[in-house]
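So the chains spell out like this:
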Amino acid sequence: MAQGAPGPGGGESLLFLTDEQLRKGIEAMFFAYRGFTADPDRILEDLDYGRAHHRAMHFIHRSPGTTVNNLLSILGVTKQSLNRVLRTLIEDGLVESRIGRVDKRERHLYLTPKGTELERTLSDAQRARMRAAYRSAGPAAVQGFRQVLEAMMDPELRRQYQTLKEGGA
């Protein structure tokens, strides 16, 4: 709960964290992220892909037909960097790029069956890790974790996340 946020009884509750407590939280997040990415990293390494390939495939799977510009916005990478990743995924038969029906300048991205299979393998590994952690922590901790993550997002990123969460974009 943030400083000045309503407390459980409706009154104001203040949360003060020491620098040491914050440092421990930062370190926990760092090591948790390493664990979260370790399983897919092992799979990707065998294919000569990296995390950028995984992120692109994840969001293409999440929003079939998304445009290159939308993917650029979600990933926050340069056009050159994304084009390198997409070129590899397209050449390897994992992603299909289709010209827009309305705007011929747009490219819409879709996973191929081979891409869908790889994305599922990568996501299954992460879902298994998340499921185990959530079960271990319990429902209240899961809700609190989501609140903390959302509170850490900049407003524009939170809007993008909310759009995805609600099934859009």
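Everything numeric in this text was worked out from a predicted model, so none of it was measured. (Residues numbered from 1 in each chain as written. Predicted model: local features only at pLDDT ≥ 70, side-chain atom pairs only at ≥ 80, totals over all residues. Heavy atoms only, no water.)

A closer look at the overall build of the protein
Along its length, the protein carries 7 helices and 5 strands. In the protein, the succession of helices and strands from N to C terminus is β-β-α-α-β-α-α-β-β-α-α-α. Along the first, second and third principal axes, the C-alpha atoms of the protein reach 55 × 35 × 25 Å. By the burial criterion, 27% of the 169 residues in the protein qualify as buried. Partitioning the contacts of the protein with sequence separation of at least 6, the portion at a separation of at least 24 is 45%. Accessible area of the protein: about 11500 Å², with a carbon and sulfur share of 56%. Each charge sign in the protein was given a centre, from 25 positive and 21 negative side chains, and these centres are 3 Å apart. (Helix = DSSP H or I, 4+ residues; strand = E, 2+ residues; numbered from the N terminus. Buried < 20%, exposed > 50% of the residue type's maximum accessible area, 1.4 Å probe, protein only. Contact = heavy atoms within 4.5 Å. Areas by Shrake-Rupley, 256 points an atom, 1.4 Å probe, with all protein chains shown as cover. Lys, Arg positive; Asp, Glu negative; His and termini not counted. Charge placed at Lys NZ, Arg CZ, Asp CG, Glu CD.)

Remarks on the UniProt feature "domain: HTH marR-type" (unreviewed entry) in the protein
The residues that UniProt annotates with the feature "domain: HTH marR-type" (unreviewed entry) are residues 19-154. Here residues 19-154 runs as 74% helix and 9% strand, with 22 Å between its end C-alpha atoms. (UniProt positions renumbered as here; feature names shortened; annotations may be inferred.)

Here we look at the nonpolar core
Membership of the largest hydrophobic core comes to 22 residues, with the highest contact counts inside it found for Ile60, Leu71, Leu75, Leu82, Leu86, Leu89 and Leu109. Mapped by element, the contributors of at least two residues to this core are α2 (51-62), α3 (68-75), α4 (79-91), β5 (107-111) and α5 (113-137). The greatest single-element share of this core, amounting to 5 residues, is contributed by α3. Contact partners of leucine 89, with chain neighbours within four places excluded, come to Tyr49, His53, Ala56, Met57, Leu94 and Val95. (Core = buried A, V, L, I, M, F, W, Y, C linked by side-chain atoms within 4.5 Å.)

Overview of the packing of aromatic side chains
The tally for this structure, following the rule as stated, stands at 2 aromatic pairs. Relative to phenylalanine 31, the ring of phenylalanine 30 lies with its centre 5.1 Å away and its plane at 80 degrees, an arrangement referred to as edge-to-face. Look at tyrosine 134 and phenylalanine 145: their rings are 6.5 Å apart centre to centre, the planes differ by 70 degrees, and that puts the pair in the edge-to-face class. Of this pair, tyrosine 134 sits in helix α5 while phenylalanine 145 sits in helix α6 (residues 139-152), and the two are 11 residues apart along the sequence. Residue classification places tyrosine 134 among the partly exposed positions, given a relative accessible area of 24%. Look at phenylalanine 145 and you get partly exposed, because its relative accessible area is 38%. A cation over an aromatic ring shows up here: arginine 98 above the ring of tyrosine 110, its NZ or CZ 3.8 Å from the ring centre. (Phe/Tyr/Trp six-rings, centres within 6.5 Å; stacked < 30°, edge-to-face > 60°. Lys NZ or Arg CZ within 6 Å of the ring centre and 35° of its normal.)

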